[in-house]
Structures are given as C-alpha cells and as structure tokens.
Amino acid sequence: MDSFEPRRRRRARRVPRDKFAALKAFFDSSNMFHYEGLLGNGGQGSIYKIKYVELNKPNPLSRRLVAKVADPSRGSDVEGVAREKMILETLRYCQHIVSMIDSPDDPLASAQRLGWAWIFLEEMENGTLNAFLKRARVAGFVSLPNRMLWRIFLCMIRACIDMAWPPSSSDSDEKTIQFLDKPTGLVHNDIHGGNFMFGSLADDPEHAISPILKLLDFGLAQRINSSDFASVATGEQQNIEDIGIMMATILTLQTDWKYTGEDVQVDLSRLGYSSAVLSPASGILGGPEHDEPDPLPYIDRDMRLIIAACMASNPQDRPMMVDLERWVYSEVSNTQPAYYGINRGGAEWESNETICNIVQQCIFDALEDVT
Ligand SMILES: Nc1ncnc2c1ncn2[C@@H]1O[C@H](COP(=O)(O)OP(=O)(O)O)[C@@H](O)[C@H]1O
Ligand SMILES: [Mg+2]
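So, how was this worked out
- Residues numbered from 1 in each chain as written.
- Chains lettered and ligands numbered in written order.
- Predicted model: local features only at pLDDT ≥ 70, side-chain atom pairs only at ≥ 80, totals over all residues.
- Heavy atoms only, no water.
- Disulfide = S-S within 2.5 Å.
- Buried < 20%, exposed > 50% of the residue type's maximum accessible area, 1.4 Å probe, protein only.
- Donors = N, O, S within 2.8 Å, 3.2 Å for Na, K, Ca; no water.
- Helix = DSSP H or I, 4+ residues; strand = E, 2+ residues; numbered from the N terminus.
- Salt bridge = Lys/Arg side-chain N within 4 Å of Asp/Glu carboxyl O.
- Core = buried A, V, L, I, M, F, W, Y, C linked by side-chain atoms within 4.5 Å.
- Domains from an automatic or database assignment.
- Contact = heavy atoms within 4.5 Å.
- Phe/Tyr/Trp six-rings, centres within 6.5 Å; stacked < 30°, edge-to-face > 60°.
- Lys NZ or Arg CZ within 6 Å of the ring centre and 35° of its normal.
- Pairing = 2+ DSSP bridges.
- Axes fitted to C-alpha atoms, helices over the stretch in contact; angles between N-to-C directions.

**Student:** Mind showing me how you'd approach the state of the cysteines here?
**Tutor:** Two cysteines form a disulfide when their sulfur atoms are joined by a covalent bond. The full count for this structure, using the stated rule, is zero disulfides. The thiol of Cys310 is unpaired, and the distance to the nearest cysteine sulfur, on Cys160, comes to 8.3 Å. The class of Cys310 is buried, set by a relative accessible area of 0%.

Structure representation (structure tokens):
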C-alpha cells in the first residue's frame, strides 16, 4: 500500500472481479453485515468495507467496519493475518491502536473450513497519514505548524506506550503510571505513513484541533525479549527509533521515501541526556560543519532534538518512554502560538484556527482523491 515499506511482503495476486463472489456470498447470508466494496489489496490480504446493522433493537444501530481477509487461494498471508488478530486481541483497549471488533454473528465463520483468516476492525474514516501529507503538499504547504506536529508526535508516542503497556480495561488510561510494569517487548516492525490512520476529533486537549492518529497493521509485529542483552534494542527502543524516523519524514511532508541522514554528534544536555550522542540527524539539525545553514529553521529545535534522540544510533541513548511522553505532552498542553511568533508565518500559522483549516482541507474534505 505504501511506497517505502522497509520489509516488503509478497503482494497478493491480482484477482479478477468475480473472485469476490465467494466473499460476497458469505455476507449475503447475513442480514446484519452488508458488503460495501473493496478498499484495497495489500501485502497480507484484502481490505473490504462493511456496514453492520444491529437488528432486534428498538433503535437499530448501524456502523461501518472494515474486514481484513486473507484467502489462501488468492495468495494471501493467512498466517500473518491470524497472528495480527492474536496481537490485536492483546491491544483491544488501546486508544491509539485500531480496534478489533467482535462480531457475535460472524458471517465469515464458515470460511474457516476454506482456510481463511480475517479480522473485523473499526473503520478509520479519515484516511492514512501518507494521504494527508500528500494532500498537504499538493495544497502547496512545505511543512506543518509546530503545534500540529507536536500533537501528531504525541499520538505516535501513545501508540508506543500502548504496545509496551496495553491497558487491561477500557477505563485504564495510557498515562505514565502504568510504566512500572514490565513492558511487553512488542515491536511493530512496519511503521510508516500507510500504517497510521486518522480517526475523529475528540473533546480532549490532545485531539481537539487535530484528530487522533492510530497505528494499524500488526502483520509483521513480534515480541522480543532483549533484556538479557544490554547491546540489543528493547521493543520500546525499536519502536521509538521508528517513530523518530517517521517524524523526521513528516517534517518535510515526505511520502515517497523514509528519512535518512548522516550521523552527527548531537548535544542532548538540554533534555537532561548526554551531551554527545550519535544520531543520523544531519537532515533535521544540519551537518557538523560550521556555517552550514539550518535545514529546518521554522521547526521547533527542541522537537528536532527529541526526534534526533529517538533516532540515536545506540539504542541506550534513545529516550525513556516516560521522558518522551512528559516532554511532548507538556508541549501539547502548554505551548501557545505566540511562542513561535518570530517564525515564518508568525503566530497565526501556529493558531488553532490555521490547524483546524489544514485538518478540514487536507483530511476531512478530501478523502477520495489520494490513497
Ligand atoms: N481499519 C481501517 N479503516 C480504514 N482503512 C483501512 C483500515 N485498515 C486498513 N485500511 C486501509 O487498507 C490499507 C492496508 O491495510 P493494512 O492493514 O496496512 O494491510 P497491509 O498488510 O496490506 O499493508 C491501509 O493502508 C488503509 O489504507
Ligand atoms: Mg499496511
């Protein structure tokens, strides 16, 4: 689905149209699930739009779902989808991870004998992060307001917290308190702009002006236990590096390739970390030579330092999750547009109104044009 997936999966074979007949027949046998069309053929399986109507209720509820289906006769990765289902089961109360939906009268139940694997997911109605970045570029933007970038960054950090310390019930929150437990060691292994999708705005400070961003596609995820080997990155450190690279990619609205940069020595003492950390941060902070112009002067330097820290070459130099959450949460909660007043575009570029307009134009109003 995405042009820069790091570990390519076998792509599903192209399928003639009438091959959907088997799938449609399963849905036709149910009066609660309605097949609404193919969303895409991915590396693991196919993604279909489904409408679910709750019958036998005085006021029947209807909601949109997505089914990710792997059919072995079409070359899909049945094992991968089955594994993804097991992982999503453990992440079911995570706010920043796409939710799996249980279906009491599963219309695909009898597809088990055909060797299929499938998952029903909440529909993420507002498109992928990549689609948003492409639209923003087409609209003529060269970057995003810092205050929007901080919010996107916080959603990614919360997805990492979710993977490491998944809540055990729907009332638990994703805050620091749970960091006392041993982390799961779950690594996503496929973090890119096609595997983050936007949900809706919410009445809370983190998602009031920029909609929640959720992580999906756990087909390559795995649990690692690296605590015995100090030199090997833990699951959290690997995910943190991946969201650092993702953020560095976003700073320039890049969608065609992932960020790469030359290793430079970065001084993280401002963050309370080491003053000499090696990180491939030349593209976001500038090279080591004196007088080299700042490549991204309009992007908050503290944000770039945190991103550089996430990408640190030595996993032990990457930030602790608790610090990452504290730094970025504090920016989302406290940093006002006036703080960026001297930047190009001034405080107005950083205002809630500008961010809401970008969200409206490049997320809510323009869902069909790019994928
Ligand atoms: N829950 C969802 N809601 C809406 N679209 C989805 C959802 N899940 C997947 N998609 C769309 O299908 C694409 C492929 O899904 P993904 O789970 O990433 O499968 P693959 O393993 O093929 O990459 C996503 O990039 C997105 O465009
Ligand atoms: Mg994917």
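Alright, that's what it looks like, and here's the rest.
**Student:** How should I be thinking about the coordination of the magnesium ion (ligand 2) in this particular structure?
**Tutor:** For a metal with four tetrahedral donors the ideal donor-metal-donor angle is 109.5 degrees, while six octahedral donors give ideal angles of 90 or 180 degrees. Coordination of the magnesium ion (ligand 2) by the protein is provided by Asn195 (OD1) and Asp217 (OD), with metal-donor distances spanning 2.2 Å. Pair noted here: Asn195 is in the loop between β5 (186-187) and β6 (196-198) and Asp217 is in the loop between β7 (213-215) and β8 (222-223), with a separation of 22 residues, a long-range link.

**Student:** What is the right way to look at the pattern of salt bridges in this model?
**Tutor:** Pairing of side chains with opposite charge becomes possible as their charged atoms draw close. Under the defined criterion, the tally for this structure stands at 13 salt bridges. The partner of Glu36 in a salt bridge is Arg64, and the shortest N-O contact between them spans 3.3 Å. Here Glu36, found in strand β1 (residues 33-41), pairs with Arg64, found in strand β3 (residues 62-70); they are 28 residues apart in sequence, far enough to count as distant. The class for Arg64 is partly exposed, based on a relative accessible area of 34%. One salt bridge connects Asp323 with Arg326, and the closest N-O pair in it is separated by 2.8 Å. Of this pair, Asp323 and Arg326 both sit in helix α8 (residues 321-334), three residues apart, roughly one helical turn. In the salt-bridge network here, residues are joined through shared partners; they are Glu36, Arg64 and Glu123.

**Student:** Would you mind going over the nonpolar core with me for this structure?
**Tutor:** Side chains that are nonpolar tend, in soluble globular proteins, to be buried together. Within the largest apolar cluster, 88 residues are counted, with the highest numbers of intra-cluster contacts made by Phe132, Phe153 and Ile284. With 14 residues, the single largest contributor to this core is helix α4 (residues 146-164). Looking at which domains feed residues into this core, each of domain 1 (17-122) and domain 2 (129-364) supplies at least three. Not counting the four nearest positions on each side in its chain, Phe132 is found in contact with Leu144, Met148, Ile152, Phe198, Ile358, Cys362 and Ile363. Formed by 18 residues, the second largest nonpolar core is a distinct cluster that contains Met32, Phe33, Tyr48 and Trp116.

**Student:** Please explain the packing of aromatic side chains as it appears in this structure.
**Tutor:** On inspection of all chains with the given rule, the structure shows eleven aromatic pairs. Measuring from centroid to centroid gives 5.4 Å for Phe33 and Phe120, while their planes differ by 35°, and the two rings are tilted. Of this pair, Phe33 sits in strand β1 while Phe120 sits in strand β4 (residues 117-122), and the two are 87 residues apart along the sequence. Its relative accessible area of 1% is what places Phe33 among the buried residues. Their ring planes at 70° and their centres at 5.5 Å tell us that Tyr273 and Trp327 sit as a pair that is edge-to-face. Of the two residues, Tyr273 sits in the loop between β9 (264-266) and β10 (277-279) while Trp327 sits in helix α8, which places them 54 residues apart along the sequence. Residue classification places Trp327 among the buried residues on the basis of a relative accessible area of 12%. Cluster of aromatic residues (ring-pair linked, three or more members): Phe27, Phe33, Tyr35, Tyr48, Tyr52 and Phe120. Cation over ring: Arg344 sits above Tyr298, and NZ or CZ is 4.1 Å from the ring centre.

**Student:** So what exactly am I meant to see when it comes to the pairing of β1 here?
**Tutor:** For a regular strand, side-chain orientation follows a simple rule: the groups alternate between the two sheet faces. Across seven bridges, β1 lies against strand β2 (residues 46-53) in antiparallel orientation. Paired with Tyr35 across the bridge in β2 is Ile50. Hairpin remark: β1 followed by β2, antiparallel, with four residues in the connecting loop.

**Student:** Could you clarify how one ought to interpret the sheet that holds β4 in this entry?
**Tutor:** The strands making up a sheet associate through hydrogen bonds between their backbones, and the pairing can be parallel or antiparallel. Spatial ordering of the open sheet is given by β1-β2-β3-β4, a layout of four strands whose pairing is antiparallel. Since the sheet does not close on itself, it has two edges, and those belong to β1 and β4, each with one partner. For this sheet, the mean inter-axis angle between neighbouring strands, taken without regard to orientation, is 25°. Across the sheet, helix α1 (residues 21-28) touches β1, β2, β3 and β4, and the angle it forms with β1 is around 150°. This element, helix α2 (residues 78-90), spans β3 and β4 of the sheet and lies at about 45° to β4.

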